[in-house]
Amino acid sequence: MRILIAEDETIVRLDLRGVLERAGHEVLEARDGGEAVVLAGTWRPDLAILDVKMPVLDGVEAARRINAAAPLPIVLLTAYADDATVARAVGAAVFGYLIKPFRESEIAPAIEMAWARHTEWLSARRELGRRLIPATATVDVVVEGTHRYPLRIERRGDGRLDVTLSDEH
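Just so it is clear, the model here is predicted, and its values are computed rather than measured.

Calculation notes
Residues numbered from 1 in each chain as written. Predicted model: local features only at pLDDT ≥ 70, side-chain atom pairs only at ≥ 80, totals over all residues. Heavy atoms only, no water. Helix = DSSP H or I, 4+ residues; strand = E, 2+ residues; numbered from the N terminus. Buried < 20%, exposed > 50% of the residue type's maximum accessible area, 1.4 Å probe, protein only. Contact = heavy atoms within 4.5 Å. Pairing = 2+ DSSP bridges. Axes fitted to C-alpha atoms, helices over the stretch in contact; angles between N-to-C directions. Polar contact = N/O pair within 3.5 Å; in protein donor to acceptor, adjacent residues only side chain to side chain. Salt bridge = Lys/Arg side-chain N within 4 Å of Asp/Glu carboxyl O.

> Is there a simple way to think about the overall build of the protein chain in this case?
Of the regular secondary structure elements, the protein chain holds five helices and eight strands. Along its sequence from the N terminus, the protein chain presents helices and strands in the succession β-α-β-α-β-α-β-α-β-α-β-β-β. The buried share of the protein chain, taken over its 169 residues, is 38%. Partitioning the contacts of the protein chain with sequence separation of at least 6, the portion at a separation of at least 24 is 49%.

> What is the right way to read the sheet that holds strand β5 (residues 96–99) from this model?
Within a sheet, each strand pairs with its neighbour through backbone hydrogen bonds, oriented either parallel or antiparallel. Across the sheet, which stays open at both edges, the five strands sit in the order β2-β1-β3-β4-β5 with parallel pairing between neighbours. Two strands bound the open sheet, and with one partner strand each, they are β2 (26–30) and β5. Taking each pair of neighbouring strands and ignoring which way they run, the sheet shows an average axis angle of 20 degrees. As defined by bridge partners, strand β4 (residues 74–78) adjoins β5 across four bridges and the pair is classed as parallel. Bridge assignment links Leu77 to a residue of β5, and that residue is Leu98. Contacting β1 (2–6), β2 and β3 (47–51), helix α2 (residues 33–43) crosses the sheet at an angle of about 145 degrees to β2.

> Can you walk me through the side chain of Arg13 in this structure?
Among the structural elements, Arg13 can be located in helix α1 (residues 10–22). Relative accessible area serves as the criterion here: at 4%, Arg13 is assigned to the buried category. In terms of polar contacts, Arg13 uses its side chain to reach the side chain of Glu29, at 2.7 Å. Setting aside residues no more than four positions away along its own chain, Arg13 makes contact with Ile5, Glu7, Asp8, Glu29, Ala30 and Arg31.

> Please clarify how the environment of Glu35 should be interpreted in this entry.
With respect to the helices and strands, Glu35 occurs in helix α2. By relative accessible area, Glu35 is classed as partly exposed at 28%. When the C-alpha atoms of Glu35 and Ala62 are compared, they prove to be 9.0 Å apart, with 27 residues separating the residues in sequence. Not counting chain neighbours up to four residues away, the residues in contact with Glu35 comprise Glu29 and Ala30.

> Can you walk me through the environment of Thr119 in this structure?
Among the structural elements, Thr119 can be located in helix α5 (residues 104–132). C-alpha separation for the pair Thr119 and Leu72, spaced 47 residues apart in sequence, amounts to 9.1 Å.

> Looking at this model, I keep getting lost on the pattern of salt bridges. Mind explaining?
Opposite charge on two side chains allows them to pair when their charged atoms are near. This model, assessed by the stated rule, comprises 13 salt bridges. Where Arg17 meets Glu29, a salt bridge forms, and the shortest distance between an N and an O atom there is 2.7 Å. Of this pair, Arg17 sits in helix α1 while Glu29 sits in strand β2, and the two are twelve residues apart along the sequence. By relative accessible area, Arg17 is classed as partly exposed at 24%.

Function cannot be read off these values alone, since they describe shape.
The following block contains the structure:
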């Protein structure tokens, strides 16, 4: 599995990288949330582990931006388990939570759980798309009550959707 780690504490990042590489994963490191968003877009990891408290962009906001571009399973790594942080993580579609200090034996289960939950979520989303959206449809999207954009939605064989601006103005 290709795993992106975003952690501003070098020792934690290197320890996590070592654990993941010994388990056979390919790892890429980011030192802050902004770098994680960029690397997720270019490297296309299978999973990301993001620290919550980082400079430039925190892990929850980085997770939200990564998932908006291309959803993937994300595990948050944090010393903070307060209700507000957990609520933000849920809102960012995070699939796992690992509390610092963590034990090496806790990493694999967190990754496996996030991967399984993300896979189930994708399957449910694809099935819902198959049921709600015909093979091809044109839908009007109205922005701020004045601008109308006819969007053409086409379903691919794998269940994903292609959305383009229709020529029907």
